[in-house]
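The lines below spell out each chain.
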Amino acid sequence: MESQLTILLPIAAVWLAAGVVADGLPRLHNTRVLRRRTGWLLVLALTGVALTAAVLGAGLLSAGTAPVDQAAAGLTVAAGPALVATLCSVRRIRRLRAGAGAFTSAPATPAPHGLRAAAAHPLVGLPLQVTALAMAPALIAAAGTDLGADPGVTGPAITVGALAVVVIGVRHALRHNRFAEQAQPASAGSARTAAGALHV
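Residues numbered from 1 in each chain as written. Predicted model: local features only at pLDDT ≥ 70, side-chain atom pairs only at ≥ 80, totals over all residues. Heavy atoms only, no water.

Quick word on the overall build of the protein chain
Each helix and strand counted, the protein chain has eight helices and zero strands in total. Walking the protein chain from its N terminus toward its C terminus, one meets helices and strands in the order α-α-α-α-α-α-α-α. Counting only residues that meet the buried cut, the protein chain has 34% of its 200 residues in that class. Within the protein chain, counting contacts between residues at least 6 apart in sequence, those at least 24 apart form 80% of the total. For the protein chain, the accessible area works out to roughly 10,800 Å², and carbon and sulfur atoms hold 69% of it. (Helix = DSSP H or I, 4+ residues; strand = E, 2+ residues; numbered from the N terminus. Buried < 20%, exposed > 50% of the residue type's maximum accessible area, 1.4 Å probe, protein only. Contact = heavy atoms within 4.5 Å. Areas by Shrake-Rupley, 256 points an atom, 1.4 Å probe, with all protein chains shown as cover.)

Overview of the environment of R116
With respect to the helices, strands and loops of the structure, R116 is situated in helix 5 (residues 113–119). C-alpha separation for the pair R116 and H29, spaced 87 residues apart in sequence, amounts to 8.3 Å. The residues touching R116, leaving out its near neighbours within four places in the chain, are P26, R27, L28, H29, A111 and F179. A distance of 3.4 Å separates the side chain of R116 from the side chain of H29, its partner in a polar contact. (Polar contact = N/O pair within 3.5 Å; in protein donor to acceptor, adjacent residues only side chain to side chain.)

So, the nonpolar core
If you look at the biggest cluster of nonpolar residues, it comprises 35 residues, and the most contacted ones within it are W15, L41, L128 and M135. Elements represented by at least two residues in this core include exactly helix 1 (2–24), helix 2 (31–61), helix 3 (67–74), helix 4 (76–101), helix 5 and helix 6 (122–142). (Core = buried A, V, L, I, M, F, W, Y, C linked by side-chain atoms within 4.5 Å.)

Some words on the environment of W40
Relative to the helices and strands, W40 resides in helix 2. Overall, the relative accessible area of 45% leaves W40 in the partly exposed class. Along the sequence, W40 and A17 sit 23 residues apart, while their C-alpha atoms lie 9.8 Å from each other.

Brief notes about the pattern of salt bridges
The final tally for this structure, using the stated rule, is three salt bridges. The shortest N-O distance in the salt bridge between R27 and D23 comes to 3.7 Å. Classification of R27 as partly exposed rests on a relative accessible area of 49%. When the shortest N-O distance is used, the salt bridge between R175 and D23 registers 3.4 Å. Here the residue R175 occupies a position in helix 7 (residues 151–183), and D23 occupies one in helix 1, the gap between them amounting to 152 residues. For the residue pair R175 and D23, the accessibility class agrees, reading buried in each case. Because the salt bridges share partners, they merge into one network encompassing D23, R27, R171 and R175. (Salt bridge = Lys/Arg side-chain N within 4 Å of Asp/Glu carboxyl O.)

Here's the deal with a nonpolar patch on the surface
Together, V166, V170 and L174 make up a nonpolar patch on the protein surface, roughly 280 Å² of accessible area in all. Along the chain, V170 turns up in helix 7. With relative accessibility at 44%, the residue V170 sits in the partly exposed group. (Patch = residues over 30% accessible without salt bridge, like charges linked within 9 Å, V, L, I, M, F, W, Y side chains within 5 Å.)

Observations concerning helix 6
For helix 6, which comprises 21 residues, the first-to-last C-alpha distance of 30 Å matches the rise-based estimate of 30 Å (1.5 Å per residue) to within 8%. G144 lies just past helix 6 and shows a positive phi near 110 degrees. (Expected span 1.5 Å × (residues − 1).)

This is the structure in structure tokens:
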């Protein structure tokens, strides 16, 4: 059990760190800091994907009850969110870093609402945070507690996990919408109203 936990703990720590960094991106007000943090996030996300894939691959190649096999079995829940993070989050993080890099000639420039809206997009942070959350069952099992052994515990645990995912997703969506609205230019109607007021 201890060897299995030793394999899973670094992976969970990387995904958790990626989720924390991603959650803080929309709060950054400086383009230079935003670019630096997106660089950190890109490294963390790629490291998490690489470690998860390595353990899953080692589990497929190894037949038996070795610690890597048990660790790979525990990672099956996190494999789906990790795949979404690979396909969606990494691409968006790279685009966000490139967008922040456009302001390198003026590093003190405040981060525009458009960049902050892109940083708050659910597909940037949600897959990373859900993957970190999905690591919890594997860590609990590696510590010696089998959640699947007691149906009275399994059901509530799944319900709590699903509610946590919904809450995280709604939070990301609301924050993204708020920044997206701030990034939109004034509507044509309001512009005509202002022009009419000037002509009066």
